[in-house]
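Structural description and commentary
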Amino acid sequence: MTCGHDKQLCIWNGSSHTLSWSCILEDPGLCADFHPNGREACVGLSTGKWLVVDMHSHSILSVHSDGNEQLSVVRYSPDGSYLAIGSHDNVIYIYSTGHKDRKDDYSRDSSLEEKDSQEEGESPKGEGDNNVSDRVQRYIRYGKCMGHSSFITHLDWSKDGKYIMSNSGDYEILYWDIAGGCKLLRNRFESRDREWETYTCVLGYHVFGVWPEGSDGTDINALARSCDMTMISVADDFCKVHLFRYPCNKPKAPSHVYSGHGSHVTNVRFAHNDSYLISLGGKDASIFQWRVVRGANLPRSQSLSSASSLEIAS
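Because the structure is predicted, anything quoted here is derived from the model rather than measured.

Within the secondary structure layout, Ser191 lies in the loop between strand S15 (183-184) and strand S16 (220-225). In contact with Ser191, not counting residues within four places along its chain, are Tyr175, Leu185 and Trp196. Side chain to side chain, Ser191 and Arg194 meet in a polar contact 2.7 Å long.

A few words on the nonpolar core. Nonpolar side chains in soluble globular proteins tend to end up buried together. With 18 residues, the main nonpolar core has Tyr199, Val210, Leu223, Ile232 and Val234 as its most contacted residues. Looking at this core, you find at least three residues from each of domain 1 (1-100 + 139-195) and domain 2 (199-294). The contacts of Leu223, once residues within four sequence positions are left out, are Tyr199, Thr200, Cys201, Val202, Val207, Val210, Ile232, Ser233, Val234, Val268 and Arg269. Counting 15 residues, the second-largest nonpolar core is a separate cluster that includes Ala222, Met231, Tyr258 and Leu310.

The peptide bond linking Tyr246 to Pro247 adopts the cis configuration, its omega dihedral lying at -5 degrees. Assignment of secondary structure puts Pro247 in the loop between strand S18 (241-245) and strand S19 (256-258). The phi torsion at Cys182 lies on the positive side, around 60 degrees, for a residue other than glycine. Topologically, Cys182 is positioned in the loop between strand S14 (173-177) and S15. We classify Cys182 as buried; its relative accessible area is 8%.

Per the counting criterion, the structure on display carries eight aromatic pairs. Look at Trp50 and Tyr95: their rings are 4.9 Å apart centre to centre, the planes differ by 70 degrees, and that puts the pair in the edge-to-face class. Linking Trp50 in strand S6 (residues 49-54) with Tyr95 in strand S10 (residues 91-96), this pair joins segments that are 45 residues apart in sequence. Take Trp50: its relative accessible area is 0%, and that puts it in the buried class. By relative accessible area, Tyr95 is classed as buried at 6%. Directly above the aromatic system of Tyr163 lies the positively charged group of Arg194, at a separation of 3.7 Å from the ring centroid. Positioned over the ring face of Tyr246 is Arg225, at 5.4 Å from the centre of the ring.

About the cut-offs
- Residues numbered from 1 in each chain as written.
- Predicted model: local features only at pLDDT ≥ 70, side-chain atom pairs only at ≥ 80, totals over all residues.
- Heavy atoms only, no water.
- Helix = DSSP H or I, 4+ residues; strand = E, 2+ residues; numbered from the N terminus.
- Contact = heavy atoms within 4.5 Å.
- Polar contact = N/O pair within 3.5 Å; in protein donor to acceptor, adjacent residues only side chain to side chain.
- Core = buried A, V, L, I, M, F, W, Y, C linked by side-chain atoms within 4.5 Å.
- Buried < 20%, exposed > 50% of the residue type's maximum accessible area, 1.4 Å probe, protein only.
- Domains from an automatic or database assignment.
- Phe/Tyr/Trp six-rings, centres within 6.5 Å; stacked < 30°, edge-to-face > 60°.
- Lys NZ or Arg CZ within 6 Å of the ring centre and 35° of its normal.

Quick look at the structure:
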């Protein structure tokens, strides 16, 4: 799923490298995330609005607004019961979704495949869609995380869905107790070994080794940890995609570096089974699909370059 300044929300088929469907948004879309059930997704816009989209009927189920600043990140909790929205007004808004769906109960892939196969001849407002709409209407503001002194750039949920780690434009790392009422955790050391469902924050205890010497803090645009927690991919401002080992907590860590984009790379994400990596270009308006090629099992002390690599998926 991609969104951009052309106001298009697009769903792509990774196997055939074709567009499955798209819709026009009211304003430019800057961030998006699937609900763990795969049946709906949230899209954050440049105007402070965010949408809940039904992935089956391709319709917008509800529209919400938090301030008038652009939204930079939206992220569902692991069980889907909460939605976190990071804004350029320095606040993380937390919503209760009113329903839980685990990934292992309803996988994203099987969900989308089933819907694609049933799409032809099906009414966009079927019985299943009404059920989804009813659930979406229960999105209720749970709280706000206020403490950052600059705009929110990245955030991740802990595996138990109780905590959030967030980064901001002034290179700050903060931790939040969501279950305890969106409280700021003053003792950051206690969060160092917490397990995170995803790792997309570019600043953190486990990823500081990805930063090159002399970087100004804006050189890395995005980061993604693989699902098996062995690799990190990094998107930088110099048209490059990097591949590191995880954790990457040593300065000047070795990495693979891949060229291809003609502009700064805006985002990277691993596929659900780590077989592919997706990278998004900025002004080159391109989406690259990389195949993850694994080598023999090697001791973690050896260089990454002999353990795994990427190649363009044809």
